[in-house]
Amino acid sequence: MRLTKSFFERDVLEVAPDLLGKTLARRFDDGTKIKKVITEVEAYKGEEDLACHASHGKTERNKVMYETGGHVYVYFVYGMYWMLNIVTGKRDAPQAVLIRSLDGISGPGRVGKFLKLDKSFYREDVTKSNRIWLEDIPSLKKVRYKKSARVGVNYAGTWAKKNWRFILPS
DNA sequence: ACAAAGATCCGT
DNA sequence: CGGATCTTTGTA
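Thresholds, definitions, all that
- Residues numbered from 1 in each chain as written.
- Chains lettered and ligands numbered in written order.
- Predicted model: local features only at pLDDT ≥ 70, side-chain atom pairs only at ≥ 80, totals over all residues.
- Heavy atoms only, no water.
- Helix = DSSP H or I, 4+ residues; strand = E, 2+ residues; numbered from the N terminus.
- Rg over C-alpha atoms; globule rule 2.2 N^0.38 Å.
- Contact = heavy atoms within 4.5 Å.
- Areas by Shrake-Rupley, 256 points an atom, 1.4 Å probe, with all protein chains shown as cover.
- Polar contact = N/O pair within 3.5 Å; in protein donor to acceptor, adjacent residues only side chain to side chain.
- Near = heavy atom within 4 Å.
- Nonpolar A, V, L, I, M, F, W, Y, C, P; charged D, E, K, R; others polar.
- Patch = residues over 30% accessible without salt bridge, like charges linked within 9 Å, V, L, I, M, F, W, Y side chains within 5 Å.
- Salt bridge = Lys/Arg side-chain N within 4 Å of Asp/Glu carboxyl O.
- Phe/Tyr/Trp six-rings, centres within 6.5 Å; stacked < 30°, edge-to-face > 60°.
- Buried < 20%, exposed > 50% of the residue type's maximum accessible area, 1.4 Å probe, protein only.

Caption draft 1: The overall build of chain A, seen in detail. A count of helical and extended segments in chain A gives 3 helices and 9 strands. Each helix and strand of chain A, ordered N terminal to C terminal, gives the series α-α-β-β-β-β-β-β-α-β-β-β. In terms of C-alpha radius of gyration, chain A reaches 15 Å, essentially the compact-globule figure of 15 Å for 170 residues. Overall, the C-alpha framework of chain A stretches about 40 × 35 × 30 Å when taken along its three principal axes. Expressed as a percentage of contacts within chain A between residues at least 6 apart in sequence, the contacts between residues at least 24 apart total 58%. Of the roughly 8,800 Å² that chain A leaves accessible, carbon and sulfur atoms contribute 51%.

Set out below in structure tokens:
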């Protein structure tokens, strides 16, 4: 079953761990369809969170984070990687979940490459899109997961210490 | 206008 | 541990 708007409109700290064990589905232009279980995510929450891209207010790059949950936030880094995030929460509450790993695909850069993401996915709605969406596995109710500090955000001071990275044990 | 840094990955 | 490679951001 496809995850709906109400799933994504909750607080990012609830949505992020709930995404573990869920399925990410992607239909490519040639019609090929793939599904992978999400195994690692990170939460980025609000303008106060110095590790969050919204910490300097709304900009051309991050403006989709201010929209309602369920939108895709993709951005380009290090000259070669597209990072996949799912916006969560209500409008004007900038939050997003970074999809760091899928089953067999370790690292956010590789996830973007595997899914063949690009600028055109910016602001895609995963509750409606026919090329990227998320699905529940009804039989799987609860999963155990580990928490740790987020990766690559040491510049964020005390915010870097928050255990907002959620990992499914392999 | 421009320089610097970046929610990364890979090879050495 | 440094290079690749280029967009976004704040003004170094």
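Caption draft 2: Spatial organisation of the environment of Glu135. Considering the arrangement of structural elements, one finds Glu135 in strand S7 (residues 132–135). For the pair Glu135 and Gly21, spaced 114 residues apart in sequence, the C-alpha to C-alpha distance is 9.7 Å. Not counting the four nearest positions on each side in its chain, Glu135 is found in contact with Met1, Arg2, Leu3, Lys22, Thr23, Ala25 and Lys35. For Glu135, the side chain forms a polar contact with the side chain of Lys35, separated by 3.1 Å. At 2.9 Å, the side chain of Glu135 and the side chain of Trp133 are in polar contact.

Caption draft 3: Structural detail: the protein's contact with DNA strand C. Neighbouring DNA strand C are His56, Thr59, Arg61, Phe76, Tyr78, Gly79, Met80 and Lys119. Close to the protein, within 4 Å, the atoms of DNA strand C are drawn from sugar and phosphate at a rate of 75%. Residue Thr59 places a side-chain N or O atom 2.4 Å away from a phosphate oxygen belonging to DNA strand C. Take Arg61: an N or O atom from its side chain is 3.5 Å from a sugar or linking oxygen of DNA strand C. In terms of residue class, the surface near DNA strand C is built from 3 nonpolar, 3 polar and 2 charged.

Caption draft 4: Expanded view of a nonpolar patch on the surface. A surface patch of nonpolar side chains, about 490 Å² in accessible area, is lined by Phe76, Tyr78, Met80 and Tyr81. Position of Phe76 relative to the elements: it lies in strand S3 (residues 72–77).

Caption draft 5: Just the packing of aromatic side chains, in detail. Considering all chains together, one arrives at 6 aromatic pairs under this definition. Aromatic pair Tyr73 and Tyr122: ring centres 6.2 Å apart, planes at 80°, arrangement edge-to-face. Linking Tyr73 in strand S3 with Tyr122 in the loop between helix H3 (108–114) and S7, this pair joins segments that are 49 residues apart in sequence. In this structure Tyr122 comes out as buried when scored by relative accessible area, which is 18%. Judged by centre distance (5.7 Å) and plane angle (80°), the ring pair of Tyr145 and Phe166 falls under edge-to-face. Within this pair, whereas Tyr145 is found in the loop between S7 and strand S8 (146–148), its partner Phe166 is found in strand S9 (residues 165–167), the two being separated by 21 residues in sequence. By relative accessible area, which is 36% here, Tyr145 ends up partly exposed.

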